[in-house]
Amino acid sequence: MTDFIDLKLSKPILRAITEEGYKTPSPIQAGTIPSLLEGEDVLGIAQTGTGKTAAFALPLLHKLAEAQHKAISKQPLAVILAPTRELANQIGENIQDYARYVPLRTKVVFGGTSIRPQIQALFRGIHILVATPGRLLDIMNQGHCDLSKVETFILDEADRMLDMGFIHDIRKISAAIPKKRQTVLFSATMPASVKGFADGLLRDPVTVEVAPQATTAEKVEQQLMYVDQGDKRALLDHLFKDPAMEKVIIFTRTKHRADRVTRNLIQAGVTAAAIHGNKAQNARQRALKAFANGETRALVATDVAARGIDVDGITHVINFELPNEADSYIHRIGRTARANATGIAIAFCCEEERAYLKDIEKIIRQSIPMVDDHPYHAADVANATSKPVRPVQGGRGGGGGRGGAKGGGGRNSGGKRHTNQRPKGSGQGGKPHAGGGNNASGAENAGGAGKPKKNKWRKKSAGNAGGGKPRSGGRPGGRSGGAVQGGNRNRNSGNS
Ligand SMILES: Nc1ncnc2c1ncn2[C@@H]1O[C@H](COP(=O)(O)OP(=O)(O)OP(=O)(O)O)[C@@H](O)[C@H]1O
Ligand SMILES: [Mg+2]
């Protein structure tokens with residue numbers, strides 16, 4: 001069994017994570033930290049809520065602290081990219097927590113907020129830059145940031161960063177970082193459509209897949225409610241009569257619908273706020289903070305809050321509208337049942353959404369259990385035998401792609417290595433999180449000791465869903481055409 005001590009992280013880091021209440025490394029942490037400490041490129045795939053942030057952050061902090069380099073003006077040593085402002089902010093907070101006993105300087109930069117303090121912090125010198133791609137490019141183009149000293153390049157939510165919305169920006173940023181570097185990609189999903197880009201960015205990577213990509217969080221109880229579009233509001237109000245719906249995130253496809261659902265909830269006496277791309281950044285952060293603190297019972301969100309956001313104690317996720325990108329379902333429902341917690345995810349499905357449901361069930365390799373004992377059950381939709389018709393829609397676009405010239409981009413790896421790491425203990429039995437303490441928004445420098453302790457990552461024999469069966473041998477060649485050298489390294493046999 002791997003313990004944090006076995007991972008050979010330095011004492012100040014161990015002390016900080018002990019104070020965080022982490023007792024046992026999660027499977028993705030045990031599986032990736034040794035390779036990351038050795039400076040290897042890593043592709044890490046594990047379900048939502050299983051501690052991927054610490055998996056990439058702890059070894060980075062360890063290495064930077066050991067190296068004892070001074071922070072240089074405008075020249076960070078590590079760059080971590082995330083697709084949304086709130087996620088970048090949260091990663092920055094996590095890093096501040098983990099780095100509280102090491103003398104490293106971190107800055108988070110993202111759009112929608114004043115660029116000046118960000119430029120000033122870079123000028124004073126930082127070790128780690130956490131950024132959304134658009135703002136980082138702005139700062140680089142203005143000559144305030146030079147990535148030529150970057151040794152570690154990390155993409156959180158890597159598949160999202162490599163899809164249409166961001167790929168051009170990522171190429172430009174990647175081209176500004178020396179080729180000789182460590183590149184690290186993490187996500188719960190890695191669809192085939194972007195796998196080629198991932199392969200192109202990584203050099204001879206170690207792949208650690210705790211569960212096959214697109215595996216849903218183990219402890220989330222999924223439910224499907226067929227309902228006519230016009231009854232969705234009444235069904236939502238009905239569900240909110242249940243006091244167990246304590247802390248609920250509701251996803252819609254459009255910003256407009258998010259605002260409407262928020263208004264309706266408030267009218268029905270439910271405290272609610274919306275978060276989406278048309279809101280001012282301070283309103284977005286306020287909404288997230290009020291939800292995290294328990295001041296509002298409902299957060300109504302577009303997919304801007306689907307990925308990575310870690311708010312303690314979310315009891316329910318409601319897909320008021322199913323996402324048209326099937327992967328998004330996995331990330332949305334993963335806002336609940338994080339770490340040791342349990343949670344419920346309810347998907348509303350009307351006639352027009354049957355095609356989306358089909359896509360989702362296909363990628364998650366499960367059919368979502370139907371619940372029909374509610375007053376708005378749409379039997380005709382449930383029993384429909386016709387082929388679902390896919391609604392006409394635009395592409396993903398989404399969060400801040402800027403298009404533009406092609407960048408130099410990634411390094412093309414030759415051979416691929418693949419570790420079959422499916423560490424034991426991917427089960428995460430146990431109680432829901434103790435509430436509080438994990439504010440996803442707010443000040444970048446939050447943290448310090450005395451936060452509520454988190455449940456330890458319980459060791460439990462794998463046994464079920466989290467595992468799936470180990471992959472055999474090297475994986476099929478990447479789409480970038482790199483040769484497959486099927487070598488099958490197993491760096492953490494202690495844990496597998
Ligand atoms: N070893 C550990 N023991 C206990 N709790 C942990 C451990 N590692 C991480 N956590 C906690 O688990 C929660 C989820 O972690 P994190 O946000 O890193 O998950 P993730 O895998 O990145 O999820 P997502 O795919 O949704 O981004 C956080 O609250 C974090 O503090
Ligand atoms: Mg994450």
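Just above sits the structure.
Please read all numbers here as calculations on a predicted model, not as lab measurements.

Rules of the game
- Residues numbered from 1 in each chain as written.
- Chains lettered and ligands numbered in written order.
- Predicted model: local features only at pLDDT ≥ 70, side-chain atom pairs only at ≥ 80, totals over all residues.
- Helix = DSSP H or I, 4+ residues; strand = E, 2+ residues; numbered from the N terminus.
- Buried ≥ 20, exposed ≤ 12 C-beta atoms within 10 Å, placed from the backbone.
- Contact = placed C-beta atoms within 7 Å.
- Core = buried A, V, L, I, M, F, W, Y, C linked by C-beta atoms within 7 Å.
- Domains from an automatic or database assignment.
- Near = placed C-beta within 6 Å.
- Axes fitted to C-alpha atoms, helices over the stretch in contact; angles between N-to-C directions.
- Parallel < 35°, antiparallel > 145°, perpendicular 65-115°, else oblique.
- Left-handed = near helix turned anticlockwise from the far one by under 90°.
- Nonpolar A, V, L, I, M, F, W, Y, C, P; charged D, E, K, R; others polar.
- Pairing = 2+ DSSP bridges.
- Expected span 1.5 Å × (residues − 1).
- Arc of directions from axis to C-beta.

Peer 1: I keep staring at the overall build of the chain and nothing clicks. Help me out?
Peer 2: Each helix and strand counted, the chain has 15 helices and 13 strands in total. Residues counted as buried form 51% of the 496 residues belonging to the chain. Within the chain, residue pairs in contact and separated by at least 24 positions form 81% of the contacts whose partners lie at least 6 positions apart.

Peer 1: Would you explain the nonpolar core in this entry?
Peer 2: Grouped burial of nonpolar side chains is what soluble globular proteins tend to show. V130, A198 and L299 are the most contacted members of the largest nonpolar core, which totals 126 residues. When residues in this core are grouped by element, the largest group, eight residues, is from helix α3 (residues 52-67). Three or more residues apiece are contributed to this core by two domains, here domain 1 (4-209) and domain 2 (220-382). Once residues lying within four places of it in the same chain are set aside, the contact partners of V130 are I80, A82, A88, I91, G92, I95, T106 and V108.

Peer 1: Can you help me understand the site of ligand 1 in this one?
Peer 2: Around ligand 1 there are 23 residues in total, and T48, G51, K52, T53 and A339 lie nearest to it. Top contributing element to the shell around ligand 1 by residue count: α3, with three residues.

Peer 1: Is there a simple way to think about unusual backbone geometry in this case?
Peer 2: Glycine aside, residues mostly have negative phi angles, and peptide bonds mostly take the trans form. Backbone geometry places D204, a non-glycine residue, at a positive phi of 45°. Mapped onto the elements of the fold, D204 is located in the loop between α9 (192-201) and β7 (206-209). Judged by C-beta crowding, with 15 C-beta atoms within 10 Å, D204 ranks as partly exposed. Positive phi, close to 60°, is recorded for R365, a residue that is not glycine. Within the element layout of this structure, R365 appears in the loop between α14 (354-364) and α15 (379-382).

Peer 1: Can you help me understand the packing of α3 against helix α4 (residues 85-98) in this one?
Peer 2: Each pair of packed helices can be described by the angle between their axes along with the distance between the axes. α4 packs onto α3 with a crossing angle of 50° between their chain directions and a minimal axis gap of 10 Å. One finds that α3 runs oblique with respect to α4. The two elements α3 and α4 meet at a crossing, and its hand is right-handed. Here T53, A54, A57, L58 and L61 of α3 come into contact with α4, specifically with I91, N94, I95 and Y98. For the contact of α3 with α4, the class distribution of residues is seven nonpolar, two polar and no charged.

Peer 1: I keep staring at the environment of E86 and nothing clicks. Help me out?
Peer 2: Within the secondary structure, E86 sits in helix α4. Along the primary structure E86 and T132 are separated by 46 residues, whereas in three dimensions their C-alpha atoms are 9.5 Å apart.

Peer 1: Help me out: how do you make sense of the pairing of strand β6 (residues 182-187) in this one?
Peer 2: Note on strand geometry: in a regular strand, side chains alternate between the two faces of the sheet. In terms of residue burial, β6 counts as a mostly covered element, since six of its six residues are buried. Summarising the sheet, strand β5 (residues 152-156) and β6 pair through five bridges and their orientation is parallel. For F153, the partnering residue across the bridge sits in β6 and is T183.

Peer 1: I would appreciate a short explanation of helix α12 (residues 281-293) in the present structure.
Peer 2: Along an α-helix, a turn takes 3.6 residues, which lines up residues three or four apart on a common side. End to end, α12 covers 18 Å across 13 residues, agreeing with the expected 18 Å (1.5 Å per residue, within 8%). Those residues of α12 that sit buried are R284, Q285, A287, L288, F291 and A292. The buried residues of α12 occupy one face: seen down the axis, they fall within an arc of 160°.

Peer 1: Whenever I open this one, the sheet that holds strand β10 (residues 272-275) confuses me. Can you help?
Peer 2: With respect to topology, six strands assemble into an open sheet ordered β8-β13-β12-β9-β11-β10, the strand pairing being parallel. This sheet does not close on itself; its edge strands, each paired only once, are β8 (220-226) and β10. Neighbour-to-neighbour, the strand axes of this sheet turn through a mean angle of 20°, independent of strand direction. Summarising the sheet, strand β12 (residues 316-319) and strand β13 (residues 343-349) pair through four bridges and their orientation is parallel. By the bridge assignment for β13, I318 is matched with I346. Helix α11 (residues 255-267) rests against β9 (248-251), β10 and β11 (298-301) of the sheet, and its axis sits at about 175° to β10.

Peer 1: Please explain the sheet that holds strand β2 (residues 78-81) as it appears in this structure.
Peer 2: Two modes of strand pairing occur in sheets, parallel and antiparallel, and in both the strands are linked by backbone hydrogen bonds. Strand order in the open sheet formed by seven strands is β3-β4-β2-β5-β6-β1-β7, and the pairing between neighbours is parallel. A single partner strand is all that each edge strand has here, and the edge strands are β3 (106-109) and β7. The mean angle between the axes of side-by-side strands here comes to 15°, regardless of whether they run parallel or antiparallel. Against the sheet, helix α2 (residues 27-37) contacts β1 (42-45), β6 and β7, and its axis sits at roughly 175° relative to β1. Lying over the sheet, α3 contacts β1, β2, β5 and β6, oriented at roughly 160° with respect to β6.

Peer 1: Before we go on, may I ask you to explain the environment of R257 in this structure?
Peer 2: Relative to the assigned elements, R257 resides in helix α11. On the neighbour-count criterion, R257 (19 C-beta atoms within 10 Å) is partly exposed. A sequence separation of 44 residues divides R257 from A301, and the C-alpha atoms of the two residues are 9.4 Å apart. Discounting residues that sit within four places of it in the chain, R257 has contacts with T252 and E321.

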